[in-house]
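Chain residues, written in single-letter form:
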Amino acid sequence: APAPPPARHLFSDPAEVEALRGNLLAWYDRCKRDLPWRALAATEPDANKRGYAVWVSEIMLQQTQVATVIDYYNRWMQKWPTLQALAQASLEEVNELWAGLGYYSRGKRLQEAARKVVSELAGQMPRTAEDLQKLLPGVGRYTAGAIASISYGQATGVVDGNVIRVLCRLRCIGADSSSPSVIDRLWDMANVLVDRSRPGDFNQALMELGATVCVPKAPLCGECPVKQHCQAWHRKLFGKPPPVPDVEDCGVGDCPLCPPATEPWDSSLGVTNFPRKAAKKPPRTMRTATCVLERRGCHGAPEYLIVQRPSSGLLAGLWEFPSLPLAQDLQEKKEREELADHLQAWMGQPVAAKGLHFIGEVIHIFSHIHQTYVVYSLHLDGDVTLNPALSPSRWVTEKEFHASAVSTAMKKV
């Protein structure tokens, strides 16, 4: 069995825990950002609406910066102020509003879960983290804890990227912070720390600290309300006191939370020695040929063909210009020929490869894919009958294109 972590890594002193809670909450009351979902959570008397408002914000904030989310959140809540309203919306409407926010499956799962609440749960949000995670698709342990603590006052902790960073620095946790065993320890710590009388505020304070003060690079330690509880800060400030065993030495090399012996403390990094993560896999590279088909519309304005992507996988259900994944290192002539064959299947008539006009390349970085779009254009003179057996398609004006559920990548194209 692995050795248990020494007490120095845990929050085992009740007096310290109480002091940390008080300092953090006092700082949050003074310094918290004014965010629309916080205002709703604090003022909405209807518990169901309160839970929905927090739920939407937490799903949008997954993998996305607060500054980006605010406008999307305000538009969403104006369009669908209740989960009953969201349940009645179409996936097309959801995708259109979500366009540009990224990770599009989030919006789809949110709507699916809203429909389940209406159809199977009598329109009532679950009130505990356990039930939220069990009953709502797309709601994981963190999201469930956030909704339950902020909306319903359940004294349960949360662990997201910001909380991981704060806790790892507070307790000099240098083992791989993405490993399941370390994540379990961090959840244990979060549940010990959470303030029983103000759990939602405490969890938001911990996340706010990580987002604004205890940031990944150049943290503002001088402004930190809990620095006196931070082992990484003390170590940076005072170095290694000789009479006290170093945190690297605790457990005589067997401590499951210490940095590996091959990666000792780097004094030049200070508190940013923590957290440590396993090396990320490099994103895979992909090349895709994309053709902007243009025709003259009935009112003289140009129209462009867009087609719908499959209902699962990357950018599921979104619209795009006709596109075709390419093998790497394909010659331009071969690219044109393959794209021409692809377009011919759509239009049911021959497409000359030499008629495709090369425009340039667009690079778009997804979280796990480095995508290059090789962009061509083709002007059509007559009307074209599209193959109804293929994916849904339609002709749109430029204005209609930007109002459609298209990805940021396609807007670049």
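Residues numbered from 1 in each chain as written. Predicted model: local features only at pLDDT ≥ 70, side-chain atom pairs only at ≥ 80, totals over all residues. Heavy atoms only, no water.

1. Here's the deal with the overall build of the chain
On a plain count of helices and strands, the chain comes out with 16 helices and 7 strands. In terms of principal-axis extent, the alpha carbons of the chain reach across some 85 × 50 × 40 Å. For the chain, the proportion of its 413 residues judged to be buried stands at 48%. Long-range contacts, defined here as pairs at least 24 residues apart, represent 67% of the contacts in the chain between residues at least 6 apart. When the accessible surface of the chain is summed, it comes to about 20,100 Å², and 54% of that surface belongs to carbon and sulfur atoms. Charged side chains of the chain number 46 positive and 44 negative; the gap between the two group centres comes to 2 Å. (Helix = DSSP H or I, 4+ residues; strand = E, 2+ residues; numbered from the N terminus. Buried < 20%, exposed > 50% of the residue type's maximum accessible area, 1.4 Å probe, protein only. Contact = heavy atoms within 4.5 Å. Areas by Shrake-Rupley, 256 points an atom, 1.4 Å probe, with all protein chains shown as cover. Lys, Arg positive; Asp, Glu negative; His and termini not counted. Charge placed at Lys NZ, Arg CZ, Asp CG, Glu CD.)

2. Here we look at the UniProt feature "domain: HhH-GPD" (unreviewed entry) in the chain
Summarizing the sequence annotation, UniProt attributes the feature "domain: HhH-GPD" (unreviewed entry) to residues 60–212 in the numbering used throughout. Counted over residues 60–212, helix gives 67% and strand 0%. Its end C-alpha atoms are 19 Å apart. (UniProt positions renumbered as here; feature names shortened; annotations may be inferred.)

3. What to know about the nonpolar core
Formed by 104 residues in total, the largest nonpolar core has its most connected members in Tyr-52, Trp-55, Met-60, Trp-76, Leu-186 and Leu-209. Ranked by the residues each element gives to this core, the list is headed by helix α3 (residues 47–61), at 8 residues. Formed jointly, this core draws a minimum of three residues from each of two domains, domain 1 (7–273) and domain 2 (284–403). In contact with Tyr-52, not counting residues within four places along its chain, are Trp-76, Met-77, Trp-80, Pro-81, Thr-82, Leu-83, Leu-86 and Met-125. Among the nonpolar cores identified, the runner-up in size contains 20 residues, and Cys-291, Trp-346, Val-351 and Leu-380 belong to it. (Core = buried A, V, L, I, M, F, W, Y, C linked by side-chain atoms within 4.5 Å. Domains from an automatic or database assignment.)

4. Thoughts on the packing of α3 against helix α4 (residues 66–79)
In a pair of packed helices, the angle between the axes and the distance between the axes together describe the arrangement. In the contact formed by α3 and α4, the axes pass within 10 Å of each other and the chain directions differ by 140°. As far as their axial angle goes, α4 and α3 are oblique. Our pair here, α3 against α4, has a crossing hand that is right-handed. Counted together, Tyr-52, Ala-53, Val-56, Ser-57, Met-60 and Leu-61 of α3 and Val-66, Val-69, Tyr-72, Tyr-73, Trp-76 and Met-77 of α4 form the full contact between these two elements. Split by residue class, the contact of α3 with α4 holds 11 nonpolar, 1 polar and no charged. (Axes fitted to C-alpha atoms, helices over the stretch in contact; angles between N-to-C directions. Parallel < 35°, antiparallel > 145°, perpendicular 65-115°, else oblique. Left-handed = near helix turned anticlockwise from the far one by under 90°. Nonpolar A, V, L, I, M, F, W, Y, C, P; charged D, E, K, R; others polar.)

5. Regarding the pairing of strand β6 (residues 369–379)
The buried count for β6 comes to 9 of 11 residues, which makes it a mostly enclosed element. Here strand β1 (residues 284–296) runs beside β6; their pairing, made up of 11 bridges, is parallel. Bridge pairing links Thr-290 to Val-375 in β6. For strand β5 (residues 357–365) and β6, the ladder comprises 8 bridges, and the chain directions are antiparallel. In the strand pairing of β6, Phe-358 is matched with Tyr-376. In this structure, the hairpin formed by β5 and β6 is closed by a connection of 3 residues. (Pairing = 2+ DSSP bridges.)

6. A short note on the domain arrangement of the chain
Domain annotation of the chain identifies domain 1 (7–273) and domain 2 (284–403). Averaged C-alpha coordinates put domain 1 and domain 2 at centres separated by 40 Å. Domain 1 puts 6 residues into the contact, and the matching count from domain 2 is 10 residues. For the pair domain 1 and domain 2, the summed buried area comes to about 570 Å², and 46% of that belongs to carbon and sulfur atoms. If you sort the residues of domain 1 by the area they bury against domain 2, Glu-92, Asn-95 and Tyr-104 come out on top, with a joint share of 61%. Inspection of the region where domain 1 meets domain 2 yields 1 salt bridge. (Buried area = accessible area lost by both parts, 1.4 Å probe. Salt bridge = Lys/Arg side-chain N within 4 Å of Asp/Glu carboxyl O.)

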